[in-house]
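In case you want the letters, here they are:
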Amino acid sequence: VKTCTARQDACRRGQADFTPTRAPRPLRPPVSIPGHLWFTAPDQLRWELGQTAKTIVIRNGSRYFLIQPAKKKAGIFPAAGIGENGGERGFAPQT
């Protein structure tokens, strides 16, 4: 266990392909969209969803950038509190 933990702590960069699946309604078929994730410890991240990215999330330090190219929308959000709200709700405008 100590060896495994030490290797995790030493991991400073990584990337992965993923395919989340959502079931929007009980009578509709599940939707799967491939994506890609890159990270550099401690606080840099890029997450793209879709082959031609439909949603892009970038973390650089204490800010997140949420980009939706098809909708021609973008926003900047503080990193503090996003994990507490979870999912897309974490990108709600700050009041």
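Residues numbered from 1 in each chain as written. Predicted model: local features only at pLDDT ≥ 70, side-chain atom pairs only at ≥ 80, totals over all residues. Heavy atoms only, no water.

Another aspect to go through is the overall build of the chain. Regarding its fold elements, the chain presents two helices and eight strands. Going from the N terminus to the C terminus, the chain shows its helices and strands as α-β-β-β-β-β-β-β-β-α. Residues counted as buried form 19% of the 95 residues belonging to the chain. Here the contacts in the chain between residues at least 6 apart in sequence split such that 14% fall between residues at least 24 apart. Approximately 7600 Å² of the chain is accessible, and the part contributed by carbon and sulfur atoms is 54%. (Helix = DSSP H or I, 4+ residues; strand = E, 2+ residues; numbered from the N terminus. Buried < 20%, exposed > 50% of the residue type's maximum accessible area, 1.4 Å probe, protein only. Contact = heavy atoms within 4.5 Å. Areas by Shrake-Rupley, 256 points an atom, 1.4 Å probe, with all protein chains shown as cover.)

Once that is clear, we can look at the environment of Leu 66. With respect to the helices and strands, the residue Leu 66 is situated in strand β7 (residues 63–68). Considering only alpha carbons, one finds Leu 66 and Phe 77, eleven residues apart in sequence, at a separation of 7.8 Å.

Scope: geometric values only; no functional claims are made or implied.
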